[in-house]
Amino acid sequence: MAEPGAFIAAFERVLHEERRRNSRYLNALRFGGAVVFLAIQGVTTLHLSWPLPVLCILSGVLFLAARRSERVANLSSLAVPLVDMPAIFLIQLANLSTSSAPRAVANFTLGVYVLLIMLSAFMLQKREVGVSGLIATTLLLILQFRARDTPIGMMGGVLIIALALLVCEFAIRRRLAMAQTLAREQMQRERLGRYFSPQVADQIQRASEDLPAAQLCEVTVLFSDLRGFTAMSEHLAPSEVMALLNEIHSLSVKVLFDQGGTLDKFIGDGLMAYFGAPLSQPDHAVRALRSAIEMQTALVELNRTRAGGGKPPLRLSIGLHSGMAIVGTMGAENRREFTAIGDTVNLAARLENLTRQYKDDILLSGETARRIGGAFELQQLGESSIRGRSEPVRLFTLA
C-alpha cells in the first residue's frame, strides 16, 4: 500500500500538470471568445461600448502572460469572475438602453454567464467556480431587473445558473477522481521501475493493481560483487566512489532489464537480482547467465576506458543458483520492498563468494547448469561443501 505522503505528493504533481495545461485552453478560449464577441457587436451595432475593446486587450495580455508565467496561469480562473463577468455586465447594461427587446439582452447574458462558469471549471478549483456563480447570479439579477423581467424569469435565470454550478461540481469531482487514479498509476510505475524492466513493469501493471504479497516461484538468483573495491575506495574521494558505483550499477541494471530480470537490491558495490518472477520465465537460467556474461563484457569496456586514464582495472564476481524462492513484498508498514528470500538466495550468495576461491568470475550451481542445457558451453569445476547443506554443490563455469 502506498504511503499517504507519497500519494499526496504524486496527486499534487498530476493535478498541477492538469491545471497548467487547462490554463492554456482557458485563456485561449477567453481571448477567442472576446474577439468573437467584439466582432458580433461591431456588426450588429454602430457604437461599441468601451468595456469590450478593453476586455479583448486584457484577455490577449493574460493569454500571452500565462504562457510565460506559471503564477499568472494559476490565477487565470479568477479572471472569469473578476474581469470577464463585470465587463459583460457593463456591455449589456449599455445595450439595454438601445435595445427594443431588453429581456432578450438579459437572456443572452444568461447564456454567456453559463458559458463563463463552465470555463472557470477548467482550473478544477471549486472555490473559483462558486465565486463565478455568485457574481454571475448577482449581475444577472441586476440586468433582469433593469430589463423589467418577470419574477418567474428572474427565478429561472437563477435556477439555470444553479444547474450549471451543479454540472461543474460534478465535472470537477470526476476530474479530480481521474487525477487520483493517474497519481496511483504514476506511483505504481515509479515503484515498479525500481525493480523491473519497462516491459516487465508494463505487464505487471496490466495484470494487477499491485505487486503480489507473496508467491513461491522457481527462479535463478544472481549475486554480483566488485572484488577488492573496498581497498580501492580508500584511495578515492567520496564523490569518486559514488560516481564509480553509480556507473557500474547503471551498466549492470541495464543488462538485467534488457534480459527481463528483477533488481532486488544494491548491496554496496554489488547487487542481487533474479529471473523468473514475478512473471514466469521458463528460460530464467539462460537469461541469468546471459546477463552475467553481458555484465562482464560491459566491465571489459569500462576497464578499457579506465586504462586510458591510468586507473586500475575492476573485476566483477558473479554467482548463479536456481531453485524455489518466496517472492513478494516485505518490510515495515511504512516501508516495503519487493524481494526474494529462501535457501536459493542464500546459496547464490555463497557461490559468488566462492568465485575468489576458484579464481573464476562466474560460478553456476548444478541446478542452474541443468536448466541451461546446451544453450551455453559449460565446464564442471567439481563439488564444494556449503555450510548448512547436507550434500555438496556441483560447481560450473563457462568453458
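Provided above is the structure to which this section pertains.
Residues numbered from 1 in each chain as written. Predicted model: local features only at pLDDT ≥ 70, side-chain atom pairs only at ≥ 80, totals over all residues. Heavy atoms only, no water.

1. Here we look at the overall build of the protein chain
Reasoning step 1: Helix and strand content of the protein chain: 13 helices and eight strands.
Reasoning step 2: With 399 residues in all, the protein chain has 45% of them scored as buried. (Helix = DSSP H or I, 4+ residues; strand = E, 2+ residues; numbered from the N terminus. Buried < 20%, exposed > 50% of the residue type's maximum accessible area, 1.4 Å probe, protein only.)

2. Re empty space enclosed by the protein
Where empty space is left in the structure can be found by rolling a water-sized probe over the atoms.
Reasoning step 1: Enumeration over the complete set of coordinates arrives at one cavity of 30 Å³ or more.
Reasoning step 2: Space inside the largest cavity adds up to approximately 40 Å³.
Reasoning step 3: Considering the residues around the largest cavity, the lining is formed by Ile248, Leu251, Ser252, Met295, Ala298, Leu299 and Leu316.
Reasoning step 4: Elements that contribute at least two residues to the lining of the largest cavity include exactly α10 (238-258) and α11 (284-308).
Reasoning step 5: A per-class count over the lining of the largest cavity returns six nonpolar, one polar and no charged. (1 Å grid on protein atoms, 1.4 Å probe; cavity = no way out; pocket = protein on both sides within 12 Å on 5 of 7 lines; lining within 4 Å. Points joined across faces, edges and corners; volume = space filled by probe spheres on them. Nonpolar A, V, L, I, M, F, W, Y, C, P; charged D, E, K, R; others polar.)

3. Describing the pattern of salt bridges
Reasoning step 1: Applying the stated criterion across every chain yields a total of 14 salt bridges.
Reasoning step 2: Measuring nitrogen to oxygen at the nearest pair gives 2.9 Å for the salt bridge that ties Arg371 to Glu367. With Arg371 and Glu367 both in helix α13 (residues 366-372) and four residues apart, the pair spans about one turn of that helix.
Reasoning step 3: The class of Arg371 is partly exposed, set by a relative accessible area of 25%.
Reasoning step 4: The network of salt bridges with shared partners includes Glu218, Glu367, Arg370 and Arg371. (Salt bridge = Lys/Arg side-chain N within 4 Å of Asp/Glu carboxyl O.)

4. Focus on the pairing of strand β2 (residues 262-267)
Reasoning step 1: Note: β2 against strand β3 (residues 270-275), five bridges, orientation antiparallel. Among the inter-strand pairings, Leu263 is bridged to a residue of β3, identified as Ala273. (Pairing = 2+ DSSP bridges.)

5. With respect to the nonpolar core
Reasoning step 1: Formed by 39 residues in total, the largest nonpolar core has its most connected members in Met85, Ile88, Tyr113, Leu116 and Ile117.
Reasoning step 2: Contributing elements (two or more residues each) for this core: α1 (4-44), α2 (51-68), α4 (76-96), α5 (102-120), α6 (126-146) and α7 (151-193).
Reasoning step 3: If you tally residues by element for this core, the top one is α5, at nine residues.
Reasoning step 4: Counting residues in hydrophobic clusters, the runner-up holds 32 residues, among them Leu222, Ile248, Ala273 and Ile318. (Core = buried A, V, L, I, M, F, W, Y, C linked by side-chain atoms within 4.5 Å.)

6. Regarding the environment of Gly133
Reasoning step 1: Mapped onto the elements of the fold, Gly133 is located in helix α6.
Reasoning step 2: Look at Gly133 and you get buried, because its relative accessible area is 3%.
Reasoning step 3: For the pair formed by Gly133 and Ile161, sequence separation is 28 residues and the distance between their alpha carbons is 6.7 Å.

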